[in-house]
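# Survey of secondary and tertiary structure
So the chains spell out like this:
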Amino acid sequence: MTEISFVKQRITAARSLTVLSGAGISAESGVPTFRGPGGLWKNHRAEELATPEAFQRDPILVWSWYQWRRKLLSTKAPNPAHTALVSLESAVEHFTLITQNVDGLHQSAGSRTVITLHGDIWKVRCTGCDRVFEETSLNLPALPRCPVCERLLRPHIVWFGEEIDAKKLSLAIDACHSCEVMLVIGTSAIVQPAASFASLAKEAGALIVEINPNPALHDCADVSLTGTAAEIVPQLL
Ligand code: OAD
């Protein structure tokens, strides 16, 4: 039996499946990853763009970087890996998709429930009243303001040094503890807490399947499907 048929069989038999996705799942949509060749953190310094201190120091710079990314993303579409996960969501009784991605591609593919661990680039949050708004305009002012209290808006993203929303984190951890199979797709598994999710699921007895052209989970993965997300995930249906 090939590794793919083995995983397929385990998915078919499973009542609960949890997926953790990272930037690699969107790579074949043309969205740059963060690390590795051509990664965003090769040409940009995270501490100048993705920390609360950076935003306090130079909000125009931070906003212009996010506006650049929003414009780039507006030209991109989900790929067959995103679409295959939509089908898995309806095929498996208890399905949870946890993503570290803020690009919105799982949602535009049609995934109904997505735990957006690191936030959503298509949402903004007020630095004054904390309200969150959906905001898809590509022509925001250099410093967008809250329509309610007029304080500065910021991207609704979890920056380095910030806490993940407690409710999302608890849902994600529950899904790691309760799944029979976990797919870990396109993440370098460096950024915590997501980097520990596969170990949590493994300790709770799940089969861990990694899909990545450059596997990162090492000993934690029970099966490592070495290849790209768009090539492999549709084969698991
Ligand atoms: P990384 O850029 O760190 O890692 C991307 C992973 O995707 C690597 O392991 C690649 O080998 C793999 N990869 C590349 N192309 C692929 C393909 N076609 N199919 C499958 N895998 C592929 O991205 P993340 O692990 O998601 O945080 O990064 C985690 C967090 O670090 C991000 O959410 C972001 C960043 O700083 C925030 O924005 C808050």
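## Side note on helix 6 (residues 80-91)
- Helix length check: helix 6 (12 residues) gives 17 Å between terminal C-alpha atoms against 16 Å at 1.5 Å per residue, within 8%.
- Looking only at helix 6, the buried set comprises Ala81, His82, Ala84, Leu85, Val86, Leu88 and Glu89.
- Regarding helix 6, its N-cap is Asn79, as a side-chain oxygen of that residue lies 2.8 Å from the backbone nitrogen of Ala81 further along.

## Quick notes on the pattern of salt bridges
- All told, the structure shown has 6 salt bridges when counted by the stated rule.
- Among the ionic pairs, Glu162 bridges to Arg154, the shortest N-O distance being 2.8 Å.
- Exposure remark for Arg154: the relative accessible area of 7% places this residue in the buried category.
- Three or more residues joined by partner-sharing salt bridges are found here, namely Arg45, Glu47 and Glu48.

## Notes on unusual backbone geometry
- The residue after Gln192, namely Pro193, is reached through a cis peptide bond having omega 5 degrees.
- Among the secondary structure elements, Pro193 is positioned in the loop between strand 7 (181-185) and helix 9 (197-203).
- Its identity as a non-glycine residue notwithstanding, Asp130 has a phi of 70 degrees, on the positive side.
- Here Asp130 is to be found in the loop between strand 4 (119-126) and strand 5 (132-134).
- Classification of Asp130 as exposed rests on a relative accessible area of 53%.

## Describing helix 1 (residues 3-13)
- Residues Ile4, Val7 and Ile11 constitute the buried set of helix 1. Viewed end-on, helix 1 has its buried residues packed into an arc of 65 degrees, placing them on one side of the element. Across helix 1 from its buried face, at more than 90 degrees, point the exposed residues Thr12 and Ala13.
- If you follow the buried residues of helix 1, they end up packed against strand 1 (16-21), helix 6, strand 7, strand 8 (207-211), strand 9 (223-225) and helix 10 (229-232).

## Some points on the site of the ligand
- What surrounds the ligand is a group of 22 residues, the closest being Phe34, Arg35, Thr187, Ser188 and Asn212.
- One of the backbone N or O atoms of Phe34 is found 2.7 Å from an oxygen atom in the ligand.
- With respect to the ligand, the side chain of His118 contributes an N or O atom lying 2.8 Å from an oxygen atom.
- Burial of the ligand by the surrounding chains reaches 91%, relative to a free accessible area of 800 Å².
- Taken together, the residues of the shell around the ligand break down into 9 nonpolar, 11 polar and 2 charged.
- Split by domain, the shell around the ligand shows at least three residues from each of two domains, domain 1 (3-30 + 78-118 + 164-236) and domain 2 (32-75 + 119-157).

## So, the packing of aromatic side chains
- As enumerated under the stated definition, the model contains 6 aromatic pairs in all.
- Relative to Tyr66, the ring of Trp65 has its centre 5.1 Å away and its plane inclined at 80 degrees; by these criteria the two rings are edge-to-face.
- Ring geometry for Tyr66 against Trp159: centres 6.3 Å apart, planes inclined by 45 degrees, an arrangement best described as tilted. Taken as a pair, Tyr66 in helix 5 (residues 59-73) and Trp159 in the loop between strand 6 (153-157) and helix 8 (166-178) lie far apart in primary sequence, 93 residues in all.
- Tyr66 gets classed as buried once you look at its relative accessible area, which sits at 2%.
- Through a chain of ring-to-ring contacts, the aromatic side chains of Phe34, Trp41, Phe55, Trp65, Tyr66, Trp159 and Phe160 assemble into a single cluster.
- The cationic tip of Arg154 hangs over the ring face of Trp159; the distance from NZ or CZ to the ring centre is 3.9 Å.

## Section: the sheet that holds strand 2 (residues 94-99)
- A sheet is described by the order of its strands in space; here 6 strands give the open sequence 3-2-1-7-8-9, paired in parallel fashion. The outermost strands of the open sheet, each flanked by one partner alone, are strand 3 (114-116) and strand 9. For this sheet, the mean inter-axis angle between neighbouring strands, taken without regard to orientation, is 20 degrees.

## Structural notes on the domain arrangement of the chain
- Domain parsing of the chain yields domain 1 (3-30 + 78-118 + 164-236) and domain 2 (32-75 + 119-157).
- Between domain 1 and domain 2, the C-alpha centre-to-centre distance is 26 Å.
- If you look at the interface, domain 1 gives 16 residues, while domain 2 gives 12 residues.
- Summing the contributions of domain 1 and of domain 2, the shared interface buries around 940 Å²; its carbon and sulfur component is 57%.

The rules behind each value
- Residues numbered from 1 in each chain as written.
- Predicted model: local features only at pLDDT ≥ 70, side-chain atom pairs only at ≥ 80, totals over all residues.
- Heavy atoms only, no water.
- Helix = DSSP H or I, 4+ residues; strand = E, 2+ residues; numbered from the N terminus.
- Expected span 1.5 Å × (residues − 1).
- Buried < 20%, exposed > 50% of the residue type's maximum accessible area, 1.4 Å probe, protein only.
- Polar contact = N/O pair within 3.5 Å; in protein donor to acceptor, adjacent residues only side chain to side chain.
- Salt bridge = Lys/Arg side-chain N within 4 Å of Asp/Glu carboxyl O.
- Arc of directions from axis to C-beta.
- Contact = heavy atoms within 4.5 Å.
- Near = heavy atom within 4 Å.
- Areas by Shrake-Rupley, 256 points an atom, 1.4 Å probe, with all protein chains shown as cover.
- Nonpolar A, V, L, I, M, F, W, Y, C, P; charged D, E, K, R; others polar.
- Domains from an automatic or database assignment.
- Phe/Tyr/Trp six-rings, centres within 6.5 Å; stacked < 30°, edge-to-face > 60°.
- Lys NZ or Arg CZ within 6 Å of the ring centre and 35° of its normal.
- Pairing = 2+ DSSP bridges.
- Axes fitted to C-alpha atoms, helices over the stretch in contact; angles between N-to-C directions.
- Buried area = accessible area lost by both parts, 1.4 Å probe.

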